[in-house]
Amino acid sequence: MKRKLLLSVIAFVLFVFDIQGQTSHGAYGFLDATNSARVAALGNTDLSIYDNDMQLGIYNPSLINSEMHNDIALSYVNYYAGINFMTGQYSRTFDKIGSFVGTIQYHNYGKFKYADEQGNVDGSTFSPSDYNIMVGWGRQLTPHWSIGANVKMAGIQYENFKTFAVAVDVAGSYRTESGWMFSATARNVGYELYSNFEGKRNKLPFRMSAGVSKRLEHVPFLFSIVYENIQKWDLSYDDPLDLEGNYDPITGTMKKQSKAAKFGDNLMRHLVFGGEIYIGKNLVLRAGYNYGMRKNLQTPTRKGLCGFSYGVGVNIWHFSINYSRSEMHIYGSPNYITISTNLDKFVKNSK
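A. Region of interest: the overall build of the chain. Secondary structure assignment for the chain yields five helices and 18 strands. Across the 351 residues that make up the chain, the buried fraction comes to 46%. Taking the intrachain contacts of the chain between residues at least 6 apart in sequence as the baseline, contacts between residues at least 24 apart amount to 55%. A total accessible area of about 18,000 Å² is found for the chain, and carbon and sulfur atoms account for 62% of it.

Encoded structure:
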């Protein structure tokens, strides 16, 4: 009796990570969840920005570099309905081998009460969770080219239901003399090794993206444009509830977009825009716009800022602190915070 209710709860939890798109990402959709405050502020997608932010390597391992040596970072995400994400990272560079980043991600969905089909509870609870243990590697091949890969060991623990999978990300980046940065990534290529869920084994949410970024020379501004989900062109979907009012009651048919409008809508669903404004050396303001997220999550009566995101980064003493909010829905927005530092700074000060 409890098992049927638990399956319903699991289906709801999995929906949380399908919230950014109507195409099902399956049980491992949490691998695409945003844990970095900076990434959330710039549109919740893979970025192609080359600096010492090792959290970018979670999404694009070719950005892992020697400037991250001996860095540590901690992230916390206050999501919806008592859901919390936590991430810890450490980076190390080895001569002639490359730079490595170790990452542990843990997603907790709060407490759920056991109940039977009639809704009777006995007071006992359980806490479903996901986890991802990842080792990332990046190497500079030439002054312009860099490559990288992540190896992931991901699992699910929902009461007595468990899964385990392995996956890899691969990426490459090219940086021009003038500072243009181009990247391409392929993420979540892998296989589920174990599952005690009923039915077929779960697939991983494979996705490809390409991006470009550039910090302007005479203006303290960096822009980023990402084309995500290269593997699938049509990201639109038919809404059975017709929230946009496309049903014509007179003819009894659905209104259809013109070919040009449909092409433009599909193209924009792939594009994510972001930008950073630098105010001195210790303050940066960020903003992003994700059209696909806006189309999937907006309501017809109150669209609000759905699809927009924003944040701020400050450097205080030896610490870099980033905070952001992502307007996923008119009824609430997740809060992201990341704190990072370099351990060598403390060693030098102690001498």
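B. Layout of unusual backbone geometry. The phi dihedral of glutamate 159 falls on the positive side, at around 55 degrees, and the residue is not glycine. Relative to the helices and strands, glutamate 159 resides in the loop between strand E7 (145-158) and strand E8 (161-175). The phi torsion at tryptophan 317 lies on the positive side, around 55 degrees, for a residue other than glycine. Considering the arrangement of structural elements, one finds tryptophan 317 in the loop between strand E16 (308-316) and strand E17 (319-326). For tryptophan 317, a relative accessible area of 62% translates into the label exposed.

C. Here's a closer look at the nonpolar core. Counting residues in hydrophobic clusters, the biggest one holds 28 residues, and the most contacted among them are Tyr28, Phe30, Tyr79 and Tyr336. Put simply, the parts of the chain that give this core at least two residues each are helix H2 (37-41), strand E4 (112-115), E7, E8 and helix H4 (291-297). Among the nonpolar cores identified, the runner-up in size contains 16 residues, and Val39, Ile58, Met181 and Tyr278 belong to it.

D. Structural context of empty space enclosed by the protein. Under the counting rule described, the total for this entry stands at five cavities of 30 Å³ or more. Counted as a void, the largest cavity has a volume near 50 Å³. Leu31, Ala33, Asn35, Ile58, Gln105, Asn132, Met134, Lys152 and Arg187 together form the lining of the largest cavity. Of the residues that constitute the lining of the largest cavity, the class distribution is four nonpolar, three polar and two charged.

E. Molecular detail of the pattern of salt bridges. For the structure shown, the criterion picks out ten salt bridges. Between arginine 207 and aspartate 32 there is a salt bridge whose closest N-O contact spans 3.9 Å. Taken as a pair, arginine 207 in strand E10 (residues 207-215) and aspartate 32 in the loop between helix H1 (2-16) and H2 lie far apart in primary sequence, 175 residues in all. Residue class for aspartate 32 comes out buried when judged on its relative accessible area of 11%. Linking arginine 38 and glutamate 276 is a salt bridge whose minimum nitrogen-to-oxygen distance equals 2.8 Å. Linking arginine 38 in helix H2 with glutamate 276 in strand E14 (residues 271-279), this pair joins segments that are 238 residues apart in sequence. Given a relative accessible area of 5%, arginine 38 falls into the buried group.

F. Inspection of the side chain of serine 326 at higher detail. Looking at the secondary structure, you find serine 326 in strand E17. Taking relative accessible area as the criterion, serine 326 reaches 1% and is therefore assigned buried. Within polar-contact distance, the side chain of serine 326 engages the side chain of asparagine 44 at 3.0 Å.

G. Region of interest: the environment of tyrosine 291. Note that tyrosine 291 resides in helix H4. Tyrosine 291 sits 24 residues away from leucine 267 along the chain, and the two C-alpha atoms are 9.7 Å apart. Filtering out sequence-adjacent residues up to four positions away, tyrosine 291 remains in contact with Asp265, Met268, Arg269 and Leu271. Reaching out from tyrosine 291, the side chain makes a polar contact with the side chain of aspartate 265 at a distance of 2.6 Å.

H. Structural detail: the pairing of E10. With seven bridges joining them, strand E9 (residues 181-195) and E10 adopt antiparallel strand pairing. The residue of E10 that forms the bridge with alanine 186 is methionine 208. By the bridge criterion, seven bridges tie E10 to strand E11 (residues 221-228) in an arrangement that is antiparallel. Bridge pairing in E11 links glycine 211 to valine 226. Here E10 folds back onto E11 in antiparallel fashion, the turn holding five residues.

I. Highlighting the environment of aspartate 71. You can see aspartate 71 is positioned in strand E1 (residues 71-78). Along the chain, aspartate 71 and arginine 92 lie 21 residues apart, while their C-alpha atoms are 7.6 Å from each other. The contacts of aspartate 71, once residues within four sequence positions are left out, are Asn52, Met54, Gln89, Tyr90, Ser91, Thr341 and Asn342.

J. How the structure looks around the packing of aromatic side chains. Applying the stated criterion across every chain, the model contains 15 aromatic pairs. Judged by centre distance (5.9 Å) and plane angle (70 degrees), the rings of phenylalanine 94 and phenylalanine 100 are edge-to-face. Phenylalanine 94 sits in the partly exposed class, given a relative accessible area of 42%. Taken together, the ring pairs in this structure connect Phe112, Tyr114 and Phe126 into an aromatic cluster. The cationic tip of arginine 215 hangs over the ring face of tyrosine 278; the distance from NZ or CZ to the ring centre is 3.9 Å.

Thresholds, definitions, all that
- Residues numbered from 1 in each chain as written.
- Predicted model: local features only at pLDDT ≥ 70, side-chain atom pairs only at ≥ 80, totals over all residues.
- Heavy atoms only, no water.
- Helix = DSSP H or I, 4+ residues; strand = E, 2+ residues; numbered from the N terminus.
- Buried < 20%, exposed > 50% of the residue type's maximum accessible area, 1.4 Å probe, protein only.
- Contact = heavy atoms within 4.5 Å.
- Areas by Shrake-Rupley, 256 points an atom, 1.4 Å probe, with all protein chains shown as cover.
- Core = buried A, V, L, I, M, F, W, Y, C linked by side-chain atoms within 4.5 Å.
- 1 Å grid on protein atoms, 1.4 Å probe; cavity = no way out; pocket = protein on both sides within 12 Å on 5 of 7 lines; lining within 4 Å.
- Points joined across faces, edges and corners; volume = space filled by probe spheres on them.
- Nonpolar A, V, L, I, M, F, W, Y, C, P; charged D, E, K, R; others polar.
- Salt bridge = Lys/Arg side-chain N within 4 Å of Asp/Glu carboxyl O.
- Polar contact = N/O pair within 3.5 Å; in protein donor to acceptor, adjacent residues only side chain to side chain.
- Pairing = 2+ DSSP bridges.
- Phe/Tyr/Trp six-rings, centres within 6.5 Å; stacked < 30°, edge-to-face > 60°.
- Lys NZ or Arg CZ within 6 Å of the ring centre and 35° of its normal.

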